[in-house]
Amino acid sequence: MVKKVLILGVNGFIGSALTESILKNTDWEIYGMDMSDHKITEFLGHKNFHFIEGDITINKEWIEYHVKKCDVVLPLVAIANPALYVSDPLRVFELDFEANLSIVRQCVEYKKRVIFPSTSEVYGMSADEEFNEETTSLVLGPIEKQRWIYSCSKQLMDRVIYAYGVQRGLDFTLFRPFNWTGPKLDNIFAAKEGSSRVVTQFIADILHHQRIKLVDGGNQRRSFTDIDDGIAALMHIIENKDNKASGQIFNIGNPDNDISIRELATLILDLVKTYPAYKEIADRVTIEDVTSGDHYGRYYQDIQRRVPSIDNIKNVLGWSPTVTVKEALRKTLNYHLARPSAELNQQETY
Ligand code: UDP
């Protein structure tokens, strides 16, 4: 039975949405740490929410104490933004791999269940039509293409966690988000050129620059997944009925939402035009082509297509996504365009 959940990175995109769902739908207690709290302010007074401001690389005693105290651990602190894989690859390794490894080791030591965020990025440039957890090979580019340090760090964490499962009996679930999107992904006022994930970047580009930049023609495809669908899957995983999620790797994505980045640009632009206050701005927007070299620099390499097989999570947990890409974008735009001033002066966290 789940009673106490430890969420590190509780103010992040996934952590904040998960907190909302847990507090609304269960009587579980959350112990949460993050460097800031702007995405969770509304939950700070909740009786089942125990928040501490802190850094996983510094506040190690607090973490160890709470790993011991809780039933399940979600170490969600990570840099998950391609612009940063190429600009600060060492920080990606130190945070996503090194800092998280010590937390996983504590879960082994104290025999606690860990639910760890892997990534759709581990599949890299695989040519498979659908990426399958058991059969797809993980295909990365050369060392010079530093983008892959994220994929590689996450892959090694997956392998270490799996090995702890086999050799030391660690109770784990690995989940792989496929381009989860929604409110609170990135701050549209912090989305400097080339600094944000594509949905937020395009919204920021429309509002602040009246132009969208399409990298290398925009024929790359992604399967955008609504955050609420993703959170519903995570709730099943945490609940872990009949221990079905234990020892599993789950893709969590929406294969029906597979669209090109060019289509995404047009879709977002058309949606923004439906908000009377922003129509005039949106009418002036142009779509420009840029090379990936100009946009991200020489260390970048793209992924052309990324579609999840979701048979495993469907069969094991009975989960499937329900939100179309258009609905997901509409929800995101409602959030940003209805309350833009609230986000001014907010620092972005990862
Ligand atoms: N992209 C783009 N213009 C931008 C930002 C991103 O064309 O201003 C492209 C990028 O090259 C990639 C896709 O959008 O092919 C998705 O990028 P994102 O950063 O969201 O993450 P990824 O899915 O690559 O992890």
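Residues numbered from 1 in each chain as written. Predicted model: local features only at pLDDT ≥ 70, side-chain atom pairs only at ≥ 80, totals over all residues. Heavy atoms only, no water.

Peer 1: Hey, could you run me through the pattern of salt bridges in this one?
Peer 2: Any two side chains of opposite charge can pair, given that their charged atoms come close. Overall, the coordinates contain 17 salt bridges when judged by the stated rule. Across the salt bridge formed by arginine 197 and aspartate 186, the nearest N and O atoms sit 2.6 Å from each other. Note that arginine 197 is positioned in the loop between strand E7 (180-181) and helix H6 (198-209) and aspartate 186 in the loop between E7 and H6, a separation of eleven residues in sequence. Between lysine 279 and aspartate 283 there is a salt bridge, with the nearest N and O atoms lying 2.7 Å from each other. With a gap of four residues between them, lysine 279 and aspartate 283 both fall in helix H9 (residues 276-283), about one helical turn apart. In the salt-bridge network here, residues are joined through shared partners; they are Glu129, Arg221, Asp258 and Arg305. (Salt bridge = Lys/Arg side-chain N within 4 Å of Asp/Glu carboxyl O. Helix = DSSP H or I, 4+ residues; strand = E, 2+ residues; numbered from the N terminus.)

Peer 1: Even after reading the chapter, I still don't get empty space enclosed by the protein, so can you show me in this structure?
Peer 2: In this approach a probe as big as a water molecule rolls over the atoms, and the regions it shows empty are the leftover space. For the structure on display, the rule yields one cavity of 30 Å³ or more. In this structure, the largest cavity encloses a volume near 950 Å³. Elements represented by at least two residues in the lining of the largest cavity include exactly helix H1 (13-25), helix H3 (82-87), helix H5 (148-168), E7, H6, strand E8 (211-215) and helix H10 (292-296). When residues of the lining of the largest cavity are assigned to their parent elements, the largest contribution, five residues, is made by H6. Looking at side-chain class alone, the lining of the largest cavity contains 25 nonpolar, 14 polar and eleven charged residues. (1 Å grid on protein atoms, 1.4 Å probe; cavity = no way out; pocket = protein on both sides within 12 Å on 5 of 7 lines; lining within 4 Å. Points joined across faces, edges and corners; volume = space filled by probe spheres on them. Nonpolar A, V, L, I, M, F, W, Y, C, P; charged D, E, K, R; others polar.)

Peer 1: In this structure, what is going on with the pairing of strand E11 (residues 248-252)? I would like to understand it.
Peer 2: Regular strands have side chains that alternate between both faces of the sheet. The buried count for E11 comes to four of five residues, which makes it a mostly enclosed element. Direction of pairing for strand E6 (residues 172-177) relative to E11: parallel, over a ladder of five bridges. Note that in E11 the partner of arginine 176 across the bridge is asparagine 251. (Buried < 20%, exposed > 50% of the residue type's maximum accessible area, 1.4 Å probe, protein only. Pairing = 2+ DSSP bridges.)

Peer 1: Looking at this structure, I do not really get the site of the ligand. What am I missing?
Peer 2: In the vicinity of the ligand lie 19 residues, with Val198, Lys213, Val215, Arg222 and Asp302 positioned nearest. Side-chain polar atom of arginine 147 to an oxygen atom of the ligand: 3.0 Å apart, as the coordinates give it. Take arginine 222: an N or O atom from its side chain is 2.6 Å from an oxygen atom of the ligand. A total of 520 Å² of accessible area belongs to the ligand in isolation, and the protein chains cover 97% of it. Under a 2 Å grid-point criterion requiring more than half of the atoms, the pocket assigned to the ligand is the largest cavity. Put simply, the parts of the chain that give the shell around the ligand at least two residues each are H6, E8 and H10. Each residue belonging to the shell around the ligand can be placed in one class, and the counts come to eight nonpolar, four polar and seven charged. (Near = heavy atom within 4 Å. Polar contact = N/O pair within 3.5 Å; in protein donor to acceptor, adjacent residues only side chain to side chain. Areas by Shrake-Rupley, 256 points an atom, 1.4 Å probe, with all protein chains shown as cover. Sits in = over half its atoms within 2 Å of the grid points.)

Peer 1: So what exactly am I meant to see when it comes to the sheet that holds strand E3 (residues 49-53) here?
Peer 2: Hydrogen bonding along the main chain pairs the strands of a sheet, whether they run parallel or antiparallel. Taken together, the seven strands give an open sheet; going across it, the order is E3-E2-E1-E4-E5-E6-E11, and neighbouring strands pair in parallel fashion. Single-partner strands in this sheet number two, and they are E3 and E11. Between one strand and the next, the sheet's axes are offset by a mean angle of 15 degrees, whatever the strand orientation. Where strand E1 (residues 4-8) meets strand E2 (residues 29-34), five bridges bridge the pair, whose relative direction is parallel. Across the sheet, residue valine 5 finds its bridge partner in E2, namely isoleucine 30. Contacts from H1 reach E1, E2, E3, strand E4 (72-75) and E6, with the element oriented near 160 degrees to E1. (Axes fitted to C-alpha atoms, helices over the stretch in contact; angles between N-to-C directions. Contact = heavy atoms within 4.5 Å.)

Peer 1: Help me understand the packing of aromatic side chains in this model?
Peer 2: By the definition in use, this model includes eight aromatic pairs. The interplanar angle of 35 degrees and the centroid separation of 6.2 Å between the aromatic rings of tyrosine 123 and phenylalanine 178 together place this pair among those described as tilted. With tyrosine 123 in the loop between strand E5 (113-117) and H5 and phenylalanine 178 in the loop between E6 and E7, this pair connects stretches of sequence that are 55 residues apart. An identical accessibility class is assigned to tyrosine 123 and phenylalanine 178; each is buried. Chaining the aromatic ring pairs together yields one cluster made of Tyr123, Phe131 and Phe178. (Phe/Tyr/Trp six-rings, centres within 6.5 Å; stacked < 30°, edge-to-face > 60°.)

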